[in-house]
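Examination of the molecular architecture
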Amino acid sequence: MNTVLKTLLALSMSALALQAHAAPYQAIVPAKSSVTFSYKQMGVAMDGRFKKFAAQVNFDPAKAEQAKASFEVDLASVDAGSSEADDEVVTKSWFNAAAFPKAQFVAKQIKQTAPNQYEVQGTLSIKGLTRDVKFPMKHTAQGKDGLLTGSFTMKRADYTIGEGMWAKFDVVANDIQVTFFITAQLSK
């Protein structure tokens, strides 16, 4: 009898857990989220982040193929480690934030590859140039919220980030690792 009760209790708890996540995530919590980047400058590892970003999401982990997501980053909100670097990276040679204030990612397809693991395909637009990107994403339930994490490597030359004397990769590497930690909220 104890085994039957334990089994029923376990099944009930599983059903409740599934019901708790039946609604899709439809908002992000910027204060609990981050978008960071890392690269090499003269062979030294450097890190930065963006302080302002927004997202439109509709993501149900159980129905990933129906998900929709778009993400905008305010390029002028860059924190590259010093005020001098912050001022330089928004200039025409780098982000040209005056003409192109936002970078945008739009998901075209999200598919589950393993429990809580997904492959995201979409487009990334920076400085008026749009390229296809694909990266793995992980979902971790955290109570009523969910943590969506992932990263991908972009080539700065694909978006003409670093023009003129910065176009070569001897000072600033071409590979930029972008990492995100997004806390998403379930719809009500």
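This write-up is about the structure you can find in this document. All values derive from a computational prediction rather than experimental measurement.

With that settled, the discussion passes to the nonpolar core. If you look at the biggest cluster of nonpolar residues, it comprises 43 residues, and the most contacted ones within it are Phe-50, Phe-59, Phe-71, Phe-105, Ile-110, Leu-124 and Met-154. Beyond its immediate chain neighbours, meaning those up to four positions away, Phe-59 contacts Pro-24, Tyr-25, Ala-64, Ala-67, Ile-110, Tyr-118, Met-137 and Leu-148.

All told, the structure shown has four salt bridges when counted by the stated rule. For Lys-111, the salt bridge goes to Glu-119, with nearest N and O atoms at 3.7 Å. Its relative accessible area of 38% is what places Lys-111 among the partly exposed residues. Where Lys-127 meets Glu-163, a salt bridge forms, and the shortest distance between an N and an O atom there is 2.6 Å. Of this pair, Lys-127 sits in the loop between strand S8 (117-126) and strand S9 (129-142) while Glu-163 sits in the loop between strand S10 (145-155) and strand S11 (175-186), and the two are 36 residues apart along the sequence. For Glu-163, a relative accessible area of 34% gives the class partly exposed.

Looking at chain direction, strand S2 (residues 34-41) and S11 are connected through five bridges and run antiparallel. For Thr-36, the partnering residue across the bridge sits in S11 and is Thr-179. As paired elements, S2 and strand S3 (residues 44-50) share seven bridges and run antiparallel to each other. Bridging across to S3, Ser-38 finds its partner in Asp-47. In this antiparallel pair of consecutive strands, S2 and S3, the connection spans two residues, and Met-42 shows a positive phi of 55°.

Phi is positive for Asn-96, close to 50°, though the residue is something other than glycine. Here Asn-96 is to be found in the loop between helix H2 (83-89) and strand S7 (102-114). Of the residues examined, Asn-96 reaches a relative accessible area of 14% and is grouped as buried. Phi at Asn-116 takes a positive value of approximately 65°, unusual for a residue other than glycine. Take Asn-116: it is sitting in the loop between S7 and S8.

The relation between two aromatic rings is expressed through the spacing of the ring centres and the mutual angle of the planes. In the structure shown here, the tally under the stated rule is 10 aromatic pairs. Seen from their ring centres, Phe-50 and Phe-95 are 6.0 Å apart, and the 45° between their planes marks the pair as tilted. Pair noted here: Phe-50 is in strand S3 and Phe-95 is in the loop between H2 and S7, with a separation of 45 residues, a long-range link. Like Phe-50, the residue Phe-95 is buried in the burial classification. When the ring of Trp-94 is compared with that of Trp-166, the centres are 5.4 Å apart and the planes differ by 50°; the resulting orientation is tilted. With Trp-94 in the loop between H2 and S7 and Trp-166 in the loop between S10 and S11, this residue pair connects regions lying 72 residues apart in the sequence. Of the aromatic side chains, those joined through ring pairs into one cluster are Phe-37, Tyr-39, Phe-50 and Phe-95.

About the thresholds
Residues numbered from 1 in each chain as written. Predicted model: local features only at pLDDT ≥ 70, side-chain atom pairs only at ≥ 80, totals over all residues. Heavy atoms only, no water. Core = buried A, V, L, I, M, F, W, Y, C linked by side-chain atoms within 4.5 Å. Buried < 20%, exposed > 50% of the residue type's maximum accessible area, 1.4 Å probe, protein only. Contact = heavy atoms within 4.5 Å. Salt bridge = Lys/Arg side-chain N within 4 Å of Asp/Glu carboxyl O. Helix = DSSP H or I, 4+ residues; strand = E, 2+ residues; numbered from the N terminus. Pairing = 2+ DSSP bridges. Phe/Tyr/Trp six-rings, centres within 6.5 Å; stacked < 30°, edge-to-face > 60°.

By themselves, these are just geometric observations and shouldn't be taken as functional.
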